[in-house]
Amino acid sequence: MQTSTVVNGKRNELAPAENSAAVDVFINGSSHAAHPGERLVDVINRAGVDLAQVCYHPQLGPIQTCDTCLVEIKGQLVRACATTASEGMKVSTISPKAHAAQQEAFDRILSNHMLYCTVCDNNNGNCTVHNTTKLLAVEHQHIPFKPKPYEVDNTNPFYRYDPGQCVLCGRCVEACQNVEVNETLSINWDDPNPRVLWDGGSTIGESSCVSCGHCVTVCPCNALMEKSMLGHAGFLTGISKRALNSMIDVVKGVEPETGYGSIMHVSEVESAMRENRIRRTKTVCTYCGVGCSFDIWTKDRHILKVAPSDGPTNGISTCIKGKFGWDYVNDPDRLTTPLIREGDGFREASWDEALDLVARRFTEIKAQHGPDALAFISSSKCTNEESYLMQKLARAVIGTNNIDNCSRYCQAPATTGLFRTVGYGGDSGSIRDIENASLVLIIGSNTAESHPVLATRVKRAHKLHGQNLIVSDLRENEMARRADLFLHPKPGTDLVWLSAITRYLLENGLAHEDFLRQWVNGLEEYKKTLAPFTMEFASQTCGLPVETLEKVAHMIAEASGVCILWAMGVTQQSQGSDTSTAISNLLLVTGNYMRTGTGAYPLRGHNNVQGAGDSGAAPNALPGYQSVDDPEVRARFESAWKVTLPSTKGLDNHLMVEAIHQGKLKSLYLEGEEMAVVDSNANYVAAAFFKLDFFVVQDIFFSTTCHFADVVLPAAPSLEKEGTFTSTERRIQRLHQVFEPIPGSRPDWKITRDIANRLNANWNYTHPSEIMSEMASLTPLLSGVNYERLEGYKSLQWPVAADGSDQPLLYTKKFNFPDGKARLFPVPWSGPVEKSNTEFDLHLNNGRLLEHFHEGNLTYRVKGIKEKTPDVFVEISPELAKERGVQSGTWLLLISRYGQVRVRALVTDRVSGHELYMPMNSTASPVNRLTSSHTDPVTHTPAYKETSVHMEVLPEVGENPLPRVNPRFGHPTPQEGVEVERKWKRSDYRLPGSQLVQIQQK
Ligand code: SF4
Ligand code: SF4
Ligand code: SF4
Ligand code: FES
């Protein structure tokens, strides 16, 4: 029996475990191993046997719309994509009956699609329709091409739909309905001329389409295409439409004479020529912490498209930012020259002059005030290697532990909660483990907008696989609308209802006693501290009915596996660490750790929030969370770095700002952060920058923060460098360089290296792989990480042992404490620090928006995003709008105890009562002029979410801040999938290959 085959150059073998249970399938007379229950089409593909399959995509499953995969089994035709392999199955892909059926099915496909490959931008070797024409050796069409009576839809800024080329395979519908689960697309099978519909018949531009690009990615031909490809990919496709149409006519004209064979030959020559000028480079998304990876297709510096396919996290998935949000890389405003302050302005300088100045001032300030008068902030958007060098510069070269990164602003409390209870500050498993949960509980996370691709997996499991979903949030966001149960507690009270539920479970025999006995310390002590958390107290404090809380408790108790996802709605509170701890306590009490479908998932916001902390950009820990006050740890680093290291904990971001105000901190080197906008109480932070003796800002654009700098250094974005990012799954992935840095800019790691060397560090790094090797050699958590093990789409989820084995599921054999047991950690309740009163009578919540990243410095430079979501706004409930005479577009002045902003209203029932919501994406009206300097006392994470404001209604009424083309105005059309049964019911449909019985397996 053959158990290993090579398909498309890749060896595709059954795993040993699968081998043991393998069944034999005979394909065209040869025996091949299959897993019981495996799709026949996958067995055929693994065997390397050619079979047409236009609608089949492994990540979408059988759609059964095209019929081109018909094969013969026991004299009957069946669709290979929808048939399961079984022992002894005898399959013919080449019998006359099967062959005729495949030909007929594909002929129907071609009646919907004009073959003009030579002048098609999709002629890149991967067009399924082109390749199937060749595979089936089609020379002439028996059913002529019939154009559909619809215009091309160009109304989305990023992609277009050409109904005339659409083969109605339904892949796009399946992807939109059941992978992205935005539920925008359908096919009107009952219409005489079916086509793909957006919201049942809207233009794309005015539909609910969120421009995630799933549909475009999976389209097997040129019906859906990225606009950035059109006119750019081919040698002949950039010509005028008129000339193009004439060429298409010529191609069609010669077909009756020559057949498709020679036309295909010409187009393949053209396609092969493209290989020399189109580069496909694997990278990792620069935006959120989900960690999507994909190939970027480029021609010179033009980005043709983002092509996701094999990302370990995302497969074919992306969101609008990862798929289409890259215009900023070639934006003309990119910084290309170092700048040095001169009076109130800046002058251009050479790199040598700027770096010399930085080194000189660092030296002077250190000499005059000591090393702790300097501080360093790395970026959660920079690579692991860059954060490692930044902390090494601070510690080994300057001699201070004053180093931090922006995870202080979002994730530090979650990390603390997990360190306290289970021992590692990272997600307990992978996104796949979340998919496997029978209940997902989301607390304070707008997952569909902040972690869009991760959210698709929850939406899919909920829609298709019976996963239950509970959402607790102030806003009725998309996940809340989909949830089986939506809780809207009073702001900042999550700790109370979580603790009350935990107490209820313990008191009612619903805790997991065996798990507690075997794996958890501190139960008795913890139980005592739960005394105040009665259901009645929780109900009163949180504003949630007791029955609802009991329902939540029973749903958790009855679930076979619970994953809890949380984000900044929890962490950016004055009890962020304690609430995160309460979450982990609840999971421990219910035994929801140590297996797939369970665990704690603090969703990391930025692409490399996890990695920046892992790499040591923190005031208390060297790389791998090794404490700076541990002499053994220090000795290891000292011996490798040949320096003496400081042993006392340094200043975090928050304390740095305080220290500047107190005159203790004189110099700050800031890498890739827009602190003057994104820090809480931004006016106070900006005032601190004025007081610095020396301020270096390294960025790719002249940000708001650059205005305060003494030296501005032009950095390079992720597409212009090598390195690694670590996603929320603890997944370390490589980004490969797509472009050279634009002239004048440099990758951050080179800039930091060059500054260090001017300070006599003698660093010889020539490539980030050397930096990673050094970090791995000093960091047990990462000891087996190297670039070879991360080549291409390979990835590792820490901890990584020296032999390269990693841990997708974090706790399998033990928790990360010396005795291997987790710890219940009591957390008392103190309540929010900042409260509403009669003057500041409205609660202001804030957070992310799908289309924009953080303050928007990158995403506002993406033309299509700006068109769809041009400006910030404040969401106001219909009842408050009525009470205050506000409508969408009314200008408002929001005034807090710390500042004020002018912003337009958006009236929406996503918020209710006296609670407002303002996205964080604005540098002109940043919400952080309103937020405070209150912090979580453990981590100093600002309590961004505890903000009260007074609202002044201004006389002007502008336009609605969201234009009609924003997807929030759309009307999705949820359905099971492509609903092929409706196609089969058409009077003009019969299974290709004749009067045979139609087998309809799903
Ligand atoms: S949301 Fe829009 S871009 Fe995404 S799959 Fe649906 S139709 Fe396509
Ligand atoms: S637009 Fe959709 S239905 Fe049409 S060919 Fe592309 S994926 Fe298939
Ligand atoms: S979900 Fe996050 S990582 Fe994935 S494409 Fe979107 S922004 Fe990028
Ligand atoms: S591949 Fe289309 S029906 Fe099987």
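Rules of the game
Residues numbered from 1 in each chain as written. Chains lettered and ligands numbered in written order. Predicted model: local features only at pLDDT ≥ 70, side-chain atom pairs only at ≥ 80, totals over all residues. Heavy atoms only, no water. Near = heavy atom within 4 Å. Helix = DSSP H or I, 4+ residues; strand = E, 2+ residues; numbered from the N terminus. Nonpolar A, V, L, I, M, F, W, Y, C, P; charged D, E, K, R; others polar. Expected span 1.5 Å × (residues − 1). Contact = heavy atoms within 4.5 Å. Pairing = 2+ DSSP bridges. Axes fitted to C-alpha atoms, helices over the stretch in contact; angles between N-to-C directions. pLDDT = per-residue confidence, 0-100. Core = buried A, V, L, I, M, F, W, Y, C linked by side-chain atoms within 4.5 Å. Buried < 20%, exposed > 50% of the residue type's maximum accessible area, 1.4 Å probe, protein only.

> Let's hear about the site of ligand 3: which residues, and what values?
All residues adjacent to ligand 3 are Cys285, Tyr287, Cys288, Gly291, Cys292, Cys319, Lys321, Gly322, Pro452 and Val453. For the shell around ligand 3, the secondary structure elements donating two or more residues are helix H9 (320–324) and helix H15 (452–464). Considering only residue class, the shell around ligand 3 consists of seven nonpolar, two polar and one charged.

> Break down the site of ligand 2 for me, citing the residues and quoting the values.
Residues in close proximity to ligand 2 total 14 residues, the closest being Cys166, Cys169, Gly170, Cys172 and Cys219. Split into classes, the residues belonging to the shell around ligand 2 amount to twelve nonpolar, one polar and one charged.

> Please set out helix H7 (residues 241–258) residue by residue, giving values where relevant.
In this model H7 runs 25 Å from its N-terminal to its C-terminal C-alpha over 18 residues, within 8% of the 26 Å that 1.5 Å per residue would give. Of the surrounding elements, those touching the buried residues of H7 are helix H8 (260–275). Positioned one or two residues after H7, Gly259 has a phi angle of 80°, which is positive.

> For the sheet that holds strand S17 (residues 374–378), give the residues involved together with the corresponding values.
In a beta sheet, neighbouring strands are held together by backbone hydrogen bonds and run either parallel or antiparallel to one another. Strand order in the open sheet formed by seven strands is S16-S15-S29-S28-S27-S17-S18, with mixed pairing between adjacent strands. Two strands lie at the open edges of the sheet, namely strand S16 (345–348) and strand S18 (403–405), each paired on one side alone. This sheet shows a mean twist of 20° between the axes of neighbouring strands, independent of strand direction. With three bridges joining them, S17 and S18 adopt parallel strand pairing. Bridging across to S18, Ile377 finds its partner in Asp404.

> Could you give an account of the environment of Trp566, naming the residues involved and the relevant values?
As for its position among the elements, Trp566 is in strand S23 (residues 562–566). Apart from residues lying up to four places away in sequence, Trp566 is in contact with Ala414, Leu418, Ile443, Ser445, Thr571, Ser580, Ile583, Ala600, Tyr601, Pro602 and Leu603.

> Lay out the sheet that holds strand S21 (residues 485–487) with the relevant residues and their values.
The strand order across the open sheet formed by five strands is S21-S20-S19-S23-S24, and the pairing between neighbours is parallel. Two strands bound the open sheet, and with one partner strand each, they are S21 and strand S24 (599–602). Going from strand to strand, the sheet's axes swing by 15° on average, the running direction of each strand aside. Pairing geometry for strand S19 (residues 439–443) and strand S20 (residues 468–472), over five bridges, is parallel. Following the sheet pairing, Ile442 is matched in S20 by Val471. The strands touched by helix H21 (residues 546–558) are S19, S20, S21 and S23; relative to S21, the strand with the most contacts, the crossing angle is about 130°.

> Which residues make up the confidence of the model for the protein chain, and what values do they have?
Here the protein chain averages 94 in pLDDT, while 97% of its residues score no lower than 70. Note on residues 1–19: pLDDT is under 50 here. Beyond four places in sequence and across chains, it has 38 contacts. Here residues 996–1002 is a poorly scored stretch, pLDDT under 50, and it has 24 contacts once near neighbours within four places are set aside; other chains count.

> Got a sec to walk through unusual backbone geometry? Specific residues and values, please.
Most of the time, phi is negative for any residue but glycine, and the peptide bond is trans. Note that the residue after Trp798, namely Pro799, is joined by a cis bond; omega there is 0°. Checked against the element boundaries, Pro799 lands in the loop between strand S32 (795–797) and strand S33 (822–823). Positive phi, close to 65°, is recorded for Arg730, a residue that is not glycine. Mapping Arg730 onto the fold places it in the loop between strand S30 (723–726) and strand S31 (731–735). Non-glycine residue His940 carries a positive phi angle of around 65°. Residue position: His940 is located in the loop between strand S38 (915–919) and strand S39 (948–957).

> Can you lay out the nonpolar core for me, pointing to particular residues and giving the numbers?
Counting residues in hydrophobic clusters, the biggest one holds 151 residues, and the most contacted among them are Phe362, Trp497 and Tyr593. When residues of this core are assigned to their parent elements, the largest contribution, nine residues, is made by helix H17 (residues 494–507). Look past the residues within four positions of Tyr593 in its chain and what remains in contact with it is Leu418, Val422, Ser428, Phe515, Ser584, Leu587, Leu588, Thr598, Gly599, Ala600, Tyr811 and Phe815. The next biggest cluster of nonpolar side chains, apart from the first, holds 62 residues, and it includes Cys55, Cys176, Val978 and Leu991.

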